[in-house]
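A closer look at the structure
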Amino acid sequence: HEAGTVRDMTERAGRSRTEEDATPAIAADPVSSLNPVIPEATVARLPVYFRAVVAERQAGTITISSDRLAELAGVNAAKVRKDLSFLGTYGIRGVGYDVDRLMAEMGHQLGMYQNWPCVIVGAGNLGAALANYLSGDERGFSVVAIVDADPTKWGSHIGSVEVHADDDLPRLVPSYDIAIGIITTPPAVAQSVADRLVSAGVGSILNFAPVVLTVPDGVLLRNVDLALELQVLSFYQGRTREDPESA
């Protein structure tokens, strides 16, 4: 299982390495504590860097240059070097970054050594697809419960995860120590779902409903609006067809 391999490699990379088998590509100390001052834009790029470094590690790469990582991530090398400096990770000129150490540090900052229990609210097509995608805990996230307002779905299973009544949220969250709520409901009920997740004690919400949500200070909210992204693509696609030379 590829995801399991990724997590196993990340954990191995984070373990202590002897001086004999360590390469001198990193001038920083071993994996540091979490850095609370990493800029939000850098945090958004870290998963892209991490995915690229993991792919290089799987291909047998030992060190990686900022130019190569920039190419894989679709940014410039100066931005890569600045972003990685927030991790206390500095490459050596002409050598680059030690892939194991880099993967360990990014995995540490991204919480890849944790297992974050998640609840999906909405057992429709999108909710089911996400439950199957996140099945197991190899990626650092595991769906432990699904809730839905439709009584005909209660007691059924998506994969190995049971679908519960939406009224069960106050019981499920502390029972499974749920950290993240994933909203895949229609937009009309998404705000009330967010309110119920917060009231139940969920501190982070990933919202797929195409609506702007309001949450209290201290609750983390990320939005994934597929329709919005398609509309942006439609805008540029229309411009390209009108003026092919501008592409």
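Scroll up to find the structure.
Below or above, wherever it landed, is the structure these notes cover. (Residues numbered from 1 in each chain as written. Predicted model: local features only at pLDDT ≥ 70, side-chain atom pairs only at ≥ 80, totals over all residues. Heavy atoms only, no water.)

Some remarks on the overall build of the protein
Across its full length, the protein holds 9 helices and 9 strands. Burial analysis of the protein (247 residues in total) assigns 37% to the buried set. Long-range contacts, defined as pairs at least 24 residues apart, comprise 63% of the intrachain contacts of the protein with a sequence gap of at least 6. Carbon and sulfur atoms form 54% of the exposed surface of the protein, whose accessible area is close to 13900 Å². (Helix = DSSP H or I, 4+ residues; strand = E, 2+ residues; numbered from the N terminus. Buried < 20%, exposed > 50% of the residue type's maximum accessible area, 1.4 Å probe, protein only. Contact = heavy atoms within 4.5 Å. Areas by Shrake-Rupley, 256 points an atom, 1.4 Å probe, with all protein chains shown as cover.)

Some remarks on the nonpolar core
Grouped together as the largest cluster of nonpolar side chains are 21 residues, with contacts concentrated most on Tyr49, Val53, Leu69, Leu84, Leu102 and Met106. Mapped onto this core, the elements with two or more residues apiece are helix 2 (40-58), helix 3 (66-73), helix 4 (77-85) and helix 5 (99-109). The element contributing the most residues to this core is helix 2, with 6 residues. For Leu84, the residues in contact, after removing those within four places along its chain, are Tyr49, Leu69, Thr89, Tyr97, Leu102 and Met106. (Core = buried A, V, L, I, M, F, W, Y, C linked by side-chain atoms within 4.5 Å.)

Quick word on helix 6 (residues 125-133)
By the burial criterion, the buried members of helix 6 are Gly127, Ala128, Leu130 and Ala131. Considered in projection along helix 6, the buried side chains sweep an arc of 165° and stay on one side of the axis. Among the structural elements, strand 3 (116-121), strand 4 (141-148), strand 5 (157-158) and strand 7 (180-183) are those in contact with the buried residues of helix 6. (Arc of directions from axis to C-beta.)

Focus: helix 8 (residues 187-200)
Counted at 1.5 Å a residue, the expected span for helix 8 with its 14 residues is 20 Å, and the 20 Å between its end C-alpha atoms agrees. In this structure, the buried side of helix 8 is in contact with strand 3, helix 7 (169-176), strand 7 and strand 8 (204-207). Among the residues trailing helix 8, Gly201 stands out with phi positive, at a value near 110°. (Expected span 1.5 Å × (residues − 1).)

A few points about unusual backbone geometry
Although it is not a glycine, Asp177 sits at a positive phi angle of roughly 55°. Its location among the elements puts Asp177 in the loop between helix 7 and strand 7. Since its relative accessible area comes to 59%, Asp177 is described here as exposed.

Concerning the pairing of strand 4
A regular strand places its side chains so that they alternate between the two faces of the sheet. Judged by how many residues are buried, strand 4 sits mostly within the fold: 6 of 8 residues are covered. Pairing of strand 3 with strand 4 involves 6 bridges; the strand directions are parallel. From the neighbouring strand, Ile120 faces strand 4, where its bridge partner is Ile146. Pairing analysis gives 3 bridges linking strand 4 to strand 6 (residues 161-165), with the strands arranged parallel. Bridging across to strand 6, Asp148 finds its partner in Ala165. (Pairing = 2+ DSSP bridges.)

Observations concerning the sheet that holds strand 7
The 7 strands are arranged 5-6-4-3-7-8-9 in an open sheet whose pairing can be described as mixed. The outermost strands of the open sheet, each flanked by one partner alone, are strand 5 and strand 9 (220-223). As defined by bridge partners, strand 3 adjoins strand 7 across 4 bridges and the pair is classed as parallel. Each bridged residue has a counterpart across the sheet, and for Val121 the counterpart in strand 7 is Ile183. Across the sheet, helix 7 touches strand 3, strand 4 and strand 6, and the angle it forms with strand 4 is around 165°. Along the sheet, helix 8 makes contact with strand 3, strand 7 and strand 8, crossing strand 7 at roughly 170°. (Axes fitted to C-alpha atoms, helices over the stretch in contact; angles between N-to-C directions.)

As for the side chain of Asp83
Relative to the assigned elements, Asp83 resides in helix 4. A relative accessible area of 2% places Asp83 in the buried class. At a separation of 2.8 Å, a polar atom in the side chain of Asp83 contacts the side chain of Thr42. Apart from residues no more than four positions distant in its own chain, Asp83 is found in contact with Thr42, Arg45 and Tyr49. (Polar contact = N/O pair within 3.5 Å; in protein donor to acceptor, adjacent residues only side chain to side chain.)

Some remarks on the packing of helix 2 against helix 5
Packing of helix 2 against helix 5 brings their axes to within 10 Å, and their N-to-C directions diverge by 145°. Where helix 2 crosses over helix 5, the handedness of that crossing is left-handed. On helix 5, the residues that touch Leu46, Tyr49, Phe50, Val53, Val54 and Arg57 of helix 2 are Val99, Asp100, Leu102, Met103, Met106 and Gly107. (Left-handed = near helix turned anticlockwise from the far one by under 90°.)

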